[in-house]
Amino acid sequence: MELFGGQAVFLADYKKAAKNPKAEKEIVAEVMEQLNDQLAKSKPSLYFRLSPAASLTGKEVVFPFTKELYSEDQEATISTRLCYGNAEYRAEIDTDEQL
């Protein structure tokens, strides 16, 4: 069951970045927990963060998400859905300039 847009793409990206990927249900539950917490705090940007300990690189990995409004019918009912940012995830890495 898809809980956010781009879930399959996110899961593929997550599995490339995670040291020991969990079961998909557990991953999605963690994502929704982080995103719902950010929404409750009215954060302007939404991200799922994979901790340095859980990533292959040993650096935090940030996966961008968006909140979209949509309507499925002709009436004035507007719903919200969360979508994976459809952008490459980025690992927080040090560049030569930062070293």
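Structure's up top.
Treat the numbers as computed from the prediction; the structure is a model and nothing was measured. (Residues numbered from 1 in each chain as written. Predicted model: local features only at pLDDT ≥ 70, side-chain atom pairs only at ≥ 80, totals over all residues. Heavy atoms only, no water.)

Asker: I'd like a rundown of the packing of aromatic side chains, residues and numbers included.
Answerer: The geometry of two aromatic rings is summed up by the distance between their centres and the angle between their planes. If you walk through the whole model with that rule in mind, you get 12 aromatic pairs. Summarising the aromatic geometry, the rings of F4 and F65 are spaced 5.2 Å apart at their centres and angled 80 degrees between planes, so their arrangement reads as edge-to-face. Taken together, the residues span a long stretch of sequence, with F4 in the segment before α1 (7–17) and F65 in strand β2 (residues 61–70) at a distance of 61 residues. The two residues F4 and F65 agree in class, both being buried. On the basis of an interplanar angle of 75 degrees and a centroid distance of 5.3 Å, the ring pair of F10 and Y84 is categorised as edge-to-face. Placement of the pair is F10 in helix α1 and Y84 in strand β3 (residues 79–84), with a sequence separation of 74 residues. Residue Y84 is classed as buried on the basis of its relative accessible area, which comes to 1%. Through successive ring pairs, a cluster of aromatic residues spans F4, F10, Y14, F48, F63, F65 and Y84. (Phe/Tyr/Trp six-rings, centres within 6.5 Å; stacked < 30°, edge-to-face > 60°. Helix = DSSP H or I, 4+ residues; strand = E, 2+ residues; numbered from the N terminus. Buried < 20%, exposed > 50% of the residue type's maximum accessible area, 1.4 Å probe, protein only.)

Asker: Give a description of the pairing of β2 that names residues and reports values.
Answerer: Pairing of strand β1 (residues 46–50) with β2 involves five bridges; the strand directions are antiparallel. The residue bridging R49 from the neighbouring strand is V62, located in β2. (Pairing = 2+ DSSP bridges.)

Asker: Account for the packing of α1 against helix α2 (residues 24–40), with residues named and values stated.
Answerer: Running from amino to carboxyl end, α1 crosses α2 at an angle of 105 degrees, the nearest separation of the two axes being 11 Å. On the basis of their axis angle, the class for α1 and α2 is roughly perpendicular. Here Q7, F10, L11, Y14 and K15 of α1 come into contact with α2, specifically with E24, I27, V28 and V31. Here the residues of the contact of α1 with α2 are counted per class, giving six nonpolar, one polar and two charged. (Axes fitted to C-alpha atoms, helices over the stretch in contact; angles between N-to-C directions. Parallel < 35°, antiparallel > 145°, perpendicular 65-115°, else oblique. Contact = heavy atoms within 4.5 Å. Nonpolar A, V, L, I, M, F, W, Y, C, P; charged D, E, K, R; others polar.)

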